[in-house]
Amino acid sequence: MRTDVEFPSADGTRTLRGTAHVPDDADGPVPAVVVSPGFGDVVARLNPVVDALLAAGLGVLAYDHGTFGLSDGLPRQEVDPVAQHRDLRMAVTAVRHQDGLDPERIGLWGISFSGAHVLTAAAWDRRVKAVVSQVPWISGRENVLRMGGEEALATFGALLDQERDSLVDGAAPSRVTIARRTDDDSPGFALFSDDGSAAYFARGLAGVPVPWENTVTVRSIAHAQEYDVRPLAPLVGPTPLLMVVARHDTAMPADLAIGFQDAAPEPKELVVVDGGHYDLYPAGDAFDQAMDVTTRWFTKHL
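It should be emphasised that the depicted structure is a prediction, and the values quoted were computed from it without experimental measurement.

Asker: Please explain the packing of aromatic side chains as it appears in this structure.
Answerer: The relation between two aromatic rings is expressed through the spacing of the ring centres and the mutual angle of the planes. Taken as a whole and assessed by the stated rule, the structure comprises eleven aromatic pairs. Ring geometry for Tyr-200 against Tyr-278: centres 5.3 Å apart, planes inclined by 20°, an arrangement best described as stacked. Taken together, the residues Tyr-200 in helix α5 (residues 195-203) and Tyr-278 in the loop between β11 (268-273) and α9 (287-301) connect sequence positions 78 residues apart. Here Tyr-200 matches Tyr-278 in class, with each residue buried. Site record: aromatic cluster; members linked through ring pairs are Tyr-200, Phe-201, Trp-212, Tyr-278 and Tyr-281. A cation over an aromatic ring shows up here: Arg-45 above the ring of Tyr-200, its NZ or CZ 4.7 Å from the ring centre.

Asker: Please explain the pairing of strand β1 (residues 2-8) as it appears in this structure.
Answerer: Remark: a regular strand shows side chains that alternate across the two faces of the sheet. Sheet topology places β1 next to strand β2 (residues 15-21); seven bridges connect them, and they run antiparallel. Across the sheet, the residue bridging to Glu-6 is Arg-17, located in β2. The antiparallel hairpin formed by β1 and β2 contains six residues in its connecting segment, where Gly-12 sits at a positive phi of about 75°.

Asker: How should the sheet that holds strand β9 (residues 215-217) be read in this particular structure?
Answerer: Strand-to-strand pairing in sheets goes through backbone hydrogen bonds, with the strands running parallel or antiparallel. Strand order in the open sheet made by the three strands is β8-β7-β9, with mixed pairing throughout. Edge positions in the sheet fall to β8 (190-193) and β9, since each of these pairs with one other strand and no more. Direction aside, the axes of adjacent strands within the sheet are offset by 20° on average. Pairing between strand β7 (residues 175-180) and β8: three bridges, direction parallel. Of the residues in β8, the one forming a bridge with Ala-179 is Phe-192.

Asker: Looking at this structure, how should I read the environment of Val-30?
Answerer: Assignment of secondary structure puts Val-30 in strand β3 (residues 30-36). Measuring from C-alpha to C-alpha, the distance between Val-30 and Gly-73 comes to 31 Å, with 43 residues separating the pair along the chain. When near neighbours in sequence (up to four residues on either side) are disregarded, Val-30 contacts Val-22, Pro-23, Gly-57, Leu-58, Gly-59, Gly-100, Leu-101, Asp-102 and Arg-105.

Asker: What should I look at first to understand the pattern of salt bridges in this one?
Answerer: A side chain of one charge can pair with a side chain of the opposite charge when the charged atoms of the two come close. Counted under the stated rule, the structure contains 19 salt bridges. The residue Arg-164 makes a salt bridge to Asp-161 at a minimum N-O spacing of 3.1 Å. With Arg-164 and Asp-161 both in helix α4 (residues 140-168) and three residues apart, the pair spans about one turn of that helix. When the shortest N-O distance is used, the salt bridge between Asp-274 and Arg-247 registers 2.7 Å. Of the two residues, Asp-274 is situated in the loop between β11 and α9 and Arg-247 in the loop between β10 (241-246) and α8 (254-263); the sequence distance between them amounts to 27 residues.

Asker: Sorry if this is basic, but what is going on with the environment of Val-216 here?
Answerer: As for its position among the elements, Val-216 is in strand β9. In the structure, Val-216 is positioned 141 residues away from Pro-75 in sequence and 9.8 Å away in space, judged by C-alpha atoms. The contact partners of Val-216, leaving out residues within four places of it in the chain, are Phe-39, Gly-40, Phe-68, Gln-77, Val-79, Ser-174, Arg-175, Val-176, Ile-178 and Leu-191.

Asker: How should I be thinking about the side chain of Gln-77 in this particular structure?
Answerer: For Gln-77, the position within the fold is in the loop between β4 (59-63) and α2 (81-96). The class of Gln-77 is buried, set by a relative accessible area of 2%. A distance of 3.4 Å separates a polar side-chain atom of Gln-77 from the backbone oxygen of Glu-213.

Asker: So what exactly am I meant to see when it comes to the pairing of β7 here?
Answerer: When you tally the buried positions in β7, you get five out of six residues, the bulk of the element. Note: β7 against β9, three bridges, orientation antiparallel. Its bridge partner being in β9, Thr-177 is matched across the sheet by Thr-215.

Asker: Which parts of the structure should I look at to understand the nonpolar core?
Answerer: Here is a general trend for soluble globular proteins: nonpolar side chains tend to be buried in one another's company. Ranked by size, the top nonpolar core spans 98 residues in total, and within it Val-35, Leu-53, Trp-109, Phe-260 and Phe-298 carry the most contacts. Examining the composition of this core, we find that seven residues originate from one element, helix α3 (residues 113-124), more than from any other. Contacts of Val-35, omitting those with residues within four sequence positions, involve Val-43, Leu-46, Val-49, Leu-53, Val-60, Leu-61, Ala-62, Tyr-63 and Trp-109.

Asker: Any chance you could explain the layout of surface pockets here in plain terms?
Answerer: Remark: the empty space left among the atoms is shown by a probe the size of a water molecule rolled over them. Estimated volume of the largest pocket: approximately 490 Å³. In this structure, the largest pocket is lined by 27 residues; those nearest its centre are Met-147, Leu-191, Phe-192, Ser-193 and Asp-194. Secondary-structure elements contributing two or more residues to the lining of the largest pocket are α4, β8 and α5. At seven residues, the largest contribution of residues to the lining of the largest pocket is made by α4. In the lining of the largest pocket, the residues fall into twelve nonpolar, ten polar and five charged. In this model, the second largest pocket occupies a volume close to 330 Å³. Lining the second largest pocket are 19 residues, and of these Arg-2, Gly-18, Thr-19, Val-43 and Leu-70 sit closest to its centre.

Asker: So what exactly am I meant to see when it comes to the packing of α2 against α3 here?
Answerer: Each pair of packed helices can be summarised by the angle the axes make with each other and by the distance between the axes. At their nearest, the axes of α2 and α3 sit 9 Å apart, and the two run at 60° to each other. Regarding the angle of α2 to α3, the classification is oblique. As α2 packs across α3, the resulting crossing turns out to be right-handed. Here α2 contributes Pro-81, Gln-84, His-85, Leu-88 and Arg-89 to the contact with α3, which in turn contributes Phe-113, His-117, Val-118, Thr-120, Ala-121 and Trp-124. Of the residues belonging to the contact of α2 with α3, the class tally is six nonpolar, four polar and one charged.

Reading the values: the criteria
- Residues numbered from 1 in each chain as written.
- Predicted model: local features only at pLDDT ≥ 70, side-chain atom pairs only at ≥ 80, totals over all residues.
- Heavy atoms only, no water.
- Phe/Tyr/Trp six-rings, centres within 6.5 Å; stacked < 30°, edge-to-face > 60°.
- Helix = DSSP H or I, 4+ residues; strand = E, 2+ residues; numbered from the N terminus.
- Buried < 20%, exposed > 50% of the residue type's maximum accessible area, 1.4 Å probe, protein only.
- Lys NZ or Arg CZ within 6 Å of the ring centre and 35° of its normal.
- Pairing = 2+ DSSP bridges.
- Axes fitted to C-alpha atoms, helices over the stretch in contact; angles between N-to-C directions.
- Contact = heavy atoms within 4.5 Å.
- Salt bridge = Lys/Arg side-chain N within 4 Å of Asp/Glu carboxyl O.
- Polar contact = N/O pair within 3.5 Å; in protein donor to acceptor, adjacent residues only side chain to side chain.
- Core = buried A, V, L, I, M, F, W, Y, C linked by side-chain atoms within 4.5 Å.
- 1 Å grid on protein atoms, 1.4 Å probe; cavity = no way out; pocket = protein on both sides within 12 Å on 5 of 7 lines; lining within 4 Å.
- Points joined across faces, edges and corners; volume = space filled by probe spheres on them.
- Nonpolar A, V, L, I, M, F, W, Y, C, P; charged D, E, K, R; others polar.
- Parallel < 35°, antiparallel > 145°, perpendicular 65-115°, else oblique.
- Left-handed = near helix turned anticlockwise from the far one by under 90°.

Set out below in structure tokens:
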């Protein structure tokens, strides 16, 4: 059973939209998992995640972050991690008002950038009873340094300074491309110029959803660089935490996620799979393995 849902953002300025799902054979309220997409993405791309959770007898609330996909918000395509993780807690509240979903058995599932949001929300919200974080974003500055060193920090800094000058002069927020192939010599800046990112985002291993756009605002870069969840690790427990990381992840380094997991209290579990970052996404080589351990975790703890 699928129901369209709307709920307000944490600051009350926009409406967030998604869908609530209850297994067809449910007998009474079922545990629910909140699903949200990663950096610059839309939740429609995660339908296989929803299907896997439903097949395990779990309910789902899946939604788009503000300014993306079906959700409201201006400027469009702006990544604001603080707003997003606060809105995630509003999604938890929305679950508690949804028929067929158990208000006392709520879990969070996130991947990449939303993998950080679920850690942040779980650290502060004891309504959350279980968490799965896959190939998560841990530290913006460290990610930039790992991928491009001090030169990348300087490049981003110059781009952001130029954008601030433009905004002070009254211009509208400008955008950059999220991902393009290594052989794409189109003009302009792209956050990810590698074939793996392009295959996932622009070509779409699982298909490119209609609401998705291959851009984010320049300000999104500043917001992302400043996002660091490492201080929250001791606060996640006693909420059960499963982290699923990719051994050869060059986008979200596995050792940063493992360091977070080491600092988190019990109960917790770490699963390291072979492959890279996008192998854990729908249609990736490790997707089925990741969903097997995910559904087991939620079934056990919810």
